[in-house]
Amino acid sequence: MILRLSDFQFPDAPARLYPDTPDRDWYLEVGFGDGRFWPHLAPTLDFPNYLGVEISGVSLLKAHRRLRDARIENAHVTKLLALPLVQGVIPPESLTGIIVNFPDPWPKAGHEEHRLLRAPFLTLAANRLKLGGAVWFTTDHDEYFEFACAQARDTGLFELDFTAPPASALETKYALKWRELGLGVNHVRFRKIKHPDAPAFDIHPYPAEEAHVPHAILTLPDTLDLNAFEKFTARDPRGAYTVILLEAYRSVRRDEFTFLAHVVEDELTQEVLVNVTRRADGSSLVRLGRFGGPIITTGVKAAVATVTAWLEERGGVVTHRGY
Ligand SMILES: C[S@@+](CC[C@H](N)C(=O)[O-])C[C@H]1O[C@@H](n2cnc3c(N)ncnc32)[C@H](O)[C@@H]1O
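Residues numbered from 1 in each chain as written. Predicted model: local features only at pLDDT ≥ 70, side-chain atom pairs only at ≥ 80, totals over all residues. Heavy atoms only, no water.

(A) Broad picture of the UniProt feature "binding site: substrate" (unreviewed entry) in the chain. With numbering matched to this structure, UniProt assigns "binding site: substrate" (unreviewed entry) to K108 and D140. With respect to the secondary-structure elements, K108 resides in the loop between β5 (95–101) and α5 (119–128). Turning to its location among the elements, D140 is positioned in the loop between β6 (129–139) and α6 (142–155). Residues contacting D140, with those up to four places away along its chain left out, are F102, W178, G184, V185 and N186. (UniProt positions renumbered as here; feature names shortened; annotations may be inferred. Helix = DSSP H or I, 4+ residues; strand = E, 2+ residues; numbered from the N terminus. Contact = heavy atoms within 4.5 Å.)

(B) Quick peek at the pairing of strand β11 (residues 242–250). Pairing analysis gives 4 bridges linking strand β10 (residues 232–235) to β11, with the strands arranged antiparallel. Along β11, the bridge assignment pairs R235 with T242. Connecting the antiparallel pair β10 and β11 is a turn made up of 6 residues, with G239 showing a positive phi of about 85 degrees. For β11 and strand β12 (residues 257–265), the ladder comprises 8 bridges, and the chain directions are antiparallel. (Pairing = 2+ DSSP bridges.)

(C) Up close: the nonpolar core. Judged by nonpolar contacts, the single largest core of 40 residues is most densely connected at L28, I98, L117, V135, F158 and F190. In terms of residues, this core owes the most to one element, α6, which gives 6 residues. Residues L245, F259, V272 and V300 belong to the second largest nonpolar core, which totals 30 residues. (Core = buried A, V, L, I, M, F, W, Y, C linked by side-chain atoms within 4.5 Å. Buried < 20%, exposed > 50% of the residue type's maximum accessible area, 1.4 Å probe, protein only.)

(D) Layout of the confidence of the model for the chain. For the chain, per-residue confidence averages 89 on the pLDDT scale, and residues scoring 70 or more make up 94% of the total. Across residues 200–211, where pLDDT falls below 50, the model places 28 contacts with residues more than four positions away in sequence or in other chains. (pLDDT = per-residue confidence, 0-100.)

(E) Quick peek at the side chain of H187. Inspection of the secondary structure puts H187 in strand β8 (residues 186–192). Using a relative accessible area of 5% as the deciding quantity, one classes H187 as buried. Within the structure, H187 has its side chain in polar contact with the backbone oxygen of F137 (distance 3.3 Å). A distance of 3.1 Å separates the side chain of H187 from the side chain of R189, its partner in a polar contact. Here H187 is in contact with W136, F137, T138, F145, F162, T163, A164, P165 and P166, once residues within four sequence places are set aside. (Polar contact = N/O pair within 3.5 Å; in protein donor to acceptor, adjacent residues only side chain to side chain.)

(F) Layout of the sheet that holds β12. Ordered by their spatial adjacency, 7 strands build an open sheet running β10-β11-β12-β13-β14-β9-β15, and the pairing between neighbours is antiparallel. On the outer flanks of this sheet lie β10 and β15 (317–322), each paired with one strand and no other. In this sheet, neighbouring strand axes are inclined to one another by 20 degrees on average, regardless of whether the strands run parallel or antiparallel. Across the sheet, helix α8 (residues 298–313) is in contact with β9 (215–219), β10, β11, β12, β13 (268–278), β14 (284–288) and β15; its angle to β12 comes to roughly 135 degrees. (Axes fitted to C-alpha atoms, helices over the stretch in contact; angles between N-to-C directions.)

This is the structure we're talking about:
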């Protein structure tokens, strides 16, 4: 199931998230990409409970489809940054494993602080893992591998088990990419041997989502009449999405307004806001609103395109399209 931030409790409980299988082991996968890993691994572990966290909305949908096709019921995916999820949602001593396959290596000098597997995150991970539970780390990047091992050792909370990666970790999209290039893969399990004295809260925020926010820039006529707005439906000719523009609201600030769009795609339905704001040079910016944490999908981009088209039909002249 796809879970949103508002679906969680803080902290949440396996009994609520997996009511049919509350006593099974619980695994978290960070940055699951297109979601090939869990359908491969789950049968080898007798289908533990699974929560996958990923910042890419497109990956979220791909992974959700894979889980559905594999008929794995006790598995949820969510589009969030890993750190707030682990901090806010996962209760202490609840996880059997935290899986990190091919995380972004941040290879440039001075960029190490952006890496996920640093001592503060690993200390938090140790707080959320059961004793004996482990962070499973697979990477092609030798330097990140050594770095993360040193960070794990520095916490004093883990034993490092160097083992062969599970076969499933060699079948992810990135694993296949590196294999094609003839590159090797490193795997280690940071096995929790000690509970941290205090939970780690002094964590450097992991980089905010860089996802491209759909937008357009256009020049609007002075006489745009929002009262002329009527509910309007746009359908993808291939059936991938339906966008219904439900409402248009004028902001208390002059010349700013917002459209409410209902976006239906496959099994995902979202209500999104598309804002139109005036720029310093007199042009207007049409942009997906952040409110509600929308998952940026083809249909959501189409919602921005639909608003832009509506404005074009009323005399707007588009100078840039970013969707
Ligand atoms: C190099 S890809 C690896 C994907 C997948 N694990 C694989 O092996 O094919 C790294 C993934 O981590 C995700 N990611 C990066 N930072 C993240 C964060 N803070 N929280 C959750 N996911 C994140 C990216 O969107 C991307 O899909």
